Amino acid sequence: MLRVHFTSDDLARVRVAPGPDFLWEISNSVQTLQRRDGEREFGAWRRWVRPRLSGSPRLLSRLLPPRGYSPDFLTPTTGDRESLQASVDVLLSTPRPRLRAELARLATPARLPGWLGELAGGDADALRELGGALRTYQREALAPHWRRVHADIDADRALRLRSLLEGGTEGLLAGLGPQFRWRAPVLEVAYPVDQDLRLRGRGLVLQPSFFCWPTPATLADGELPPVLVYPIHRTPDWCASARGARPAPGSGPLGPLLGHTRAGVLRATRTGCSTLEAARLLGVTHPAVSQHLNVLREAGLVTTVRRGGRSFHVATAEGRALLAAEDPAPA
């Protein structure tokens, strides 16, 4: 179990990350790719991605075993991480003593063989090879799914906002899911090892992750800026589009989107809503809203998550872009 210890200052400094983190998604997905569990969640993706990968997973899997310790420097918590290249640049600027210490902890026995030893020593060629492997893996394994990753993380962030509005920071922490238990001032987290994370006024970043599996994750070094990475709900059959299930231009479900009521439903999902809330807002029946939401969801403009038996709908990036183009002023 992981126990995260909060002070009153920490409760005031909890925030949810603004979107997916490139390096956490790479790290989590490399680990998930090596596992055999999670067939329902990731089986289709594993079968899709394995024949498409070049040599990058072999290199990265040496740093990211499916269980146990992985070096913290692979998921930096500081610096500009707005793009993959910026994230990789931060990673590759890790101080050499930290590289050696973390890679020595990874290696068993302590002697670092071959490429790992060169990387630990800060060898320029080894660092370039690592950077290239990260970029190649992102392009081959994750980029085709990145819109879905982003949409489902956006939906999760909308849920967290709702929890925060309804119950404050403690409501946010208590509502993270069955793998979490809030017992003020400690957040207990399902975790493969016994660990205590004392925040000491530094606050906590909650990082939703698409490929995090099966338990939440955090950094091994408690002195680094605290982050807690947690699994999100994923759209069922999310890997189908990568298997070629894309409609031809003009033949997809976008045509039926025209119409006042459906546009109103899409506007209602701009900041997230339940089916019942959308029905009340628009003055239409619950089944009618559900039908419109089905069309919007098939068009990739809305994503749906479920919490406590209720469906919660959030506009995707494409849905928000359509709203901005068609109706710049919120309705």
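Engineer: Tell me about the side chain of Ser 209, and name the residues and values.
Structural biologist: Relative to the helices and strands, Ser 209 resides in strand S6 (residues 204–209). By relative accessible area, Ser 209 is classed as buried at 0%. A distance of 3.2 Å separates a polar atom in the side chain of Ser 209 from a polar atom in the side chain of Glu 25.

Engineer: I'd like a description of the packing of helix H2 (residues 22–34) against helix H3 (residues 39–49), backed by residues and values.
Structural biologist: Between two packed helices, the angle of one axis relative to the other and the distance separating the axes together describe the packing. Contact geometry of H2 with H3 gives a least axis separation of 10 Å together with a crossing angle of 90 degrees. Between H2 and H3, the crossing angle belongs to the class labelled roughly perpendicular. Between H2 and H3, the contacting residues are Ser 29, Thr 32 and Leu 33 on the first element and Phe 42, Trp 45, Arg 46 and Val 49 on the second. Taken together, the residues of the contact of H2 with H3 sort by class into four nonpolar, two polar and one charged.

Engineer: Describe the sheet that holds S6, with residues and values.
Structural biologist: Taken in spatial order, the four strands make up an open sheet running S2-S6-S8-S7, and their pairing is mixed. Each edge of the open sheet is held by one strand with a lone partner, namely strand S2 (14–16) and strand S7 (217–218). Note: S2 against S6, three bridges, orientation parallel. Its bridge partner being in S6, Val 16 is matched across the sheet by Leu 206. Of the strands in this sheet, S6, S7 and strand S8 (227–231) touch H2, which is tilted by about 55 degrees from S6. Docked against the sheet, helix H9 (residues 146–174) engages S2, S6 and S8, running at close to 145 degrees with respect to S6.

Basis of the calculations
- Residues numbered from 1 in each chain as written.
- Predicted model: local features only at pLDDT ≥ 70, side-chain atom pairs only at ≥ 80, totals over all residues.
- Heavy atoms only, no water.
- Helix = DSSP H or I, 4+ residues; strand = E, 2+ residues; numbered from the N terminus.
- Buried < 20%, exposed > 50% of the residue type's maximum accessible area, 1.4 Å probe, protein only.
- Polar contact = N/O pair within 3.5 Å; in protein donor to acceptor, adjacent residues only side chain to side chain.
- Axes fitted to C-alpha atoms, helices over the stretch in contact; angles between N-to-C directions.
- Parallel < 35°, antiparallel > 145°, perpendicular 65-115°, else oblique.
- Contact = heavy atoms within 4.5 Å.
- Nonpolar A, V, L, I, M, F, W, Y, C, P; charged D, E, K, R; others polar.
- Pairing = 2+ DSSP bridges.

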